[in-house]
Amino acid sequence: MKNELIEKAYAIAKERYAAVGVDTDAALEQLRNIPISLHCWQADDVTGFENRGGDLTGGIQATGNYPGKARNIDELRADILKARSYIPGTHRLNLHEIYGEFGDEQVDRDQVEPRHFAGWIAWAKEHGLKLDFNSTSFSHPKSGDLSLSNPDPAIRRFWIEHTKRCRAIAEEMGKAQGDPCIMNVWVHDGSKDQTVNRMEYRRLLKESLDEIFATKYDHMKDCIESKVFGIGLESYTVGSNDFYIGYGASRGKIVTLDTGHFHPTESVADKLSSLLLFTPEVMLHVSRPVRWDSDHVTIMNDETLDLMKEIVRCGALDKVHIGLDYFDASINRIGAYVIGTRATQKCLLQALLEPLAKLREYEAAGKGFERLALLEEAKSLPWNAVWDKFCAECGVPVGEAYIAEIQQYERDVTSKRG
Ligand code: RNT
Ligand code: ZN
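Residues numbered from 1 in each chain as written. Chains lettered and ligands numbered in written order. Predicted model: local features only at pLDDT ≥ 70, side-chain atom pairs only at ≥ 80, totals over all residues. Heavy atoms only, no water.

Participant: Now, about the coordination of the zinc ion (ligand 2): what can you tell me, with residues and values included?
Facilitator: Note on the zinc ion (ligand 2): its protein donors are Glu225 (OE), Asp258 (OD), His285 (ND1) and Asp325 (OD). The metal-donor distances range over 2.1 Å. Taken together, the six donor atoms surrounding the zinc ion (ligand 2) define angles of 71 to 167 degrees at the centre, an arrangement classified as octahedral. Sequence spacing of the donors to the zinc ion (ligand 2): E-x32-D-x26-H-x39-D. In this pair, Asp258 sits in strand S8 (residues 254–258) while His285 sits in strand S9 (residues 282–286), placing the two residues 27 residues apart along the sequence. (Donors = N, O, S within 2.8 Å, 3.2 Å for Na, K, Ca; no water. Tetrahedral: all angles 85-135°; square planar, octahedral: opposite > 155°, others 65-115°. Helix = DSSP H or I, 4+ residues; strand = E, 2+ residues; numbered from the N terminus.)

Below you can see the structure in the form of structure tokens.
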């Protein structure tokens with residue numbers, strides 16, 4: 001799109017928003033500084049670089065076999081940088097332990113060390129990305145159905161050691177980047193069929209976490225992620241939502257809300273204001289569940305909009321970390337990053353442009369009609385002109401212009417991968 005047109009449209013939008021008390025320049029400035037943590041695992045369908053050759057386990061699944069997935073660390077890095085070049089604003093990169101730089105070495109999960117991530121730390125610094133991190137309990141011979149809650153002390157010990165080491169790695173990342181690394185712990189632990197030991201596995205998980213978190217670190221932050229169920233683990237999830245809310249509230253840990261990890265009609269947005277009153281911060285895994293935790297590419301839908309609006313309405317932009325978590329193997333994977341991240345940012349922008357002061361004035365005065373009317377009218381305010389301006393200012397393609405560029409990268413690079 002022509003720059004002149006973008007500027008014209010923006011000038012009109014700016015005036016229109018000013019009429020409802022919203023400063024579009026200020027919203028743009030805010031948006032520019034809100035990082036979105038890109039999940040490294042969209043680039044290769046959650047495979048990683050362990051050279052183990054096993055399947056993805058732990059009740060998650062990347063469906064589809066679109067050609068061109070990243071096969072090694074160089075391809076993954078190139079793809080992520082490519083995706084980033086089409087995404088405006090500030091970004092972080094969220095790594096899983098299985099993406100360490102192991103080379104030809106066979107490094108078991110209880111042997112991983114910060115040195116396996118030294119290359120990532122240097123690369124991230126070079127490209128102005130900050131890192132977040134995740135321990136990896138799935139896709140390993142010892143994963144089984146139970147890891148940190150396994151009654152077998154040897155298996156439990158193995159995963160405790162793994163998770164402790166991951167925290168030490170996250171600490172190194174945080175130190176190197178001068179900004180805390182957010183480390184997420186999600187374990188798949190659960191049961192396919194009915195269990196008569198719900199309490200025991202949860203007691204073990206609590207005990208394992210207490211041991212893992214005993215070491216205090218200054219450059220990393222812990223978060224814990226619940227879910228409803230995994231594939232093959234439908235009857236019981238050890239780390240349920242209740243479990244982690246209790247754990248997070250009593251231990252001062254960050255709870256991760258993955259938008260695919262709740263019952264389909266449950267509002268994840270509604271959870272923010274409760275959690276923020278009892279836990280220090282919130283981590284988000286923005287995803288798109290379609291009938292189940294399908295990890296479809298995030299889009300600009302009501303759920304994502306509600307979630308972003310709620311962050312702003314809670315005044316919690318500095319307390320909520322926004323990360324993405326989906327893995328679609330059925331479409332161009334770089335395109336998947338770009339669509340999902342831009343959609344999240346579009347929602348965030350609309351949240352920042354909400355005429356909140358006026359809405360709250362109406363609400364305080366008990367003016368229900370006026371509040372609903374403005375909420376409805378606000379939906380069709382020209383936020384898209386502000387979005388285009390944002391993309392243009394950040395030097396990334398405006399509108400659908402990135403489609404052709406990603407097609408070109410597919411022709412030149414990803415389609416040539418075996
Ligand atoms: C799984 C969780 C978890 C994973 C990633 C790969 O249901 O959402 O966050 O998707 O850690
Ligand atoms: Zn998740």
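Still more ground to cover, so stick around.
Participant: Give me the lowdown on the pairing of S9, citing residues and values where you can.
Facilitator: With five of five residues buried, S9 is to be regarded as a mostly interior element. Of the two faces of S9, the one carrying Val282, Leu284 and Val286 and the one carrying Met283 and His285 are both buried. Between the parallel elements S8 and S9, the chain passes through helix H8 (residues 272–278) in a crossover that is right-handed. In this structure, S9 lies alongside strand S12 (residues 320–324), joined through five bridges in parallel fashion. Of the residues in S12, the one forming a bridge with Val282 is Val320. (Buried < 20%, exposed > 50% of the residue type's maximum accessible area, 1.4 Å probe, protein only. Right-handed = clockwise from strand over helix to strand, strands pointing away. Pairing = 2+ DSSP bridges.)

Participant: I'd love a proper account of the packing of helix H6 (residues 198–212) against helix H7 (residues 241–251), names of residues and values included.
Facilitator: Their axes nearest at 12 Å, the elements H6 and H7 cross at an angle of 35 degrees. Pair H6 / H7 crosses with right-handed handedness. Contacts from Arg202, Leu205, Lys206, Leu209 and Asp210 in H6 reach Phe243, Tyr244, Tyr247 and Arg251 in H7. Counted by class, the contact of H6 with H7 contains five nonpolar, no polar and four charged residues. (Axes fitted to C-alpha atoms, helices over the stretch in contact; angles between N-to-C directions. Left-handed = near helix turned anticlockwise from the far one by under 90°. Contact = heavy atoms within 4.5 Å. Nonpolar A, V, L, I, M, F, W, Y, C, P; charged D, E, K, R; others polar.)

Participant: Which residues make up the site of ligand 1, and what are the values?
Facilitator: Close to ligand 1 lie 13 residues, the nearest being His96, Glu225, Lys227, Asp258 and Asp325. The side chain of Glu225 places a nitrogen or oxygen atom 2.7 Å from an oxygen atom of ligand 1. Coverage of ligand 1 by the protein amounts to 100% of the 310 Å² it exposes when considered alone. Across the shell around ligand 1, the residue classes break down as five nonpolar, three polar and five charged. (Near = heavy atom within 4 Å. Polar contact = N/O pair within 3.5 Å; in protein donor to acceptor, adjacent residues only side chain to side chain. Areas by Shrake-Rupley, 256 points an atom, 1.4 Å probe, with all protein chains shown as cover.)

Participant: Can you lay out the sheet that holds strand S1 (residues 36–39) for me, pointing to particular residues and giving the numbers?
Facilitator: With parallel pairing, eight strands are arranged side by side around a closed barrel as S1-S2-S3-S4-S6-S8-S9-S12. Averaged over all pairs of adjacent strands, the angle between their axes in this sheet comes to 30 degrees, without regard to strand direction. With five bridges joining them, strand S4 (residues 181–185) and strand S6 (residues 220–225) adopt parallel strand pairing. Its bridge partner lying in S6, Cys181 is registered against Met220. In the packing of helix H10 (residues 333–352) onto the sheet, contacts are made with S1, S9 and S12, and the angle to S1 comes to roughly 160 degrees.

Participant: How would you summarise the environment of Leu148 if you had to cite specific residues and measurements?
Facilitator: Looking at the secondary structure, you find Leu148 in the loop between strand S3 (130–134) and helix H5 (153–177). Taking the C-alpha atoms as reference, Leu148 lies 6.1 Å from Ser208; in sequence the two are 60 residues apart. Here Leu148 is in contact with Arg156, Trp159, Ile160, Thr163, Val185, Val187, Asp189, Leu204, Leu205, Ser208, Leu209 and Ile212, once residues within four sequence places are set aside.

Participant: Break down helix H14 (residues 402–412) for me, citing the residues and quoting the values.
Facilitator: Taken residue by residue, H14 has Tyr402, Ile406 and Tyr409 as its buried positions. End-on view of H14: buried residues confined to an arc of 55 degrees, all on one side of the axis. Next to the buried residues of H14 lie helix H3 (73–84) and H10. (Arc of directions from axis to C-beta.)

Participant: Break down the pattern of salt bridges for me, citing the residues and quoting the values.
Facilitator: With the rule as written, the count across this model stands at 32 salt bridges. Between Arg109 and Glu50 there is a salt bridge; the shortest N-O distance is 2.6 Å. Residue Arg109 is located in the loop between strand S2 (91–96) and helix H4 (118–126), and its partner Glu50 is located in the loop between S1 and H3; the two are separated by 59 residues in the primary sequence. Both residues of the pair, Arg109 and Glu50, belong to the buried class. Between Lys253 and Asp222 there is a salt bridge, and its shortest N-O distance comes to 2.7 Å. Of this pair, Lys253 sits in the loop between H7 and S8 while Asp222 sits in strand S6, placing them 31 residues apart in sequence. Grouping residues by exposure puts Lys253 and Asp222 together as buried. A single salt-bridge network, built from bridges that share partners, covers Glu7, Glu29, Arg32, Lys389 and Glu393. (Salt bridge = Lys/Arg side-chain N within 4 Å of Asp/Glu carboxyl O.)

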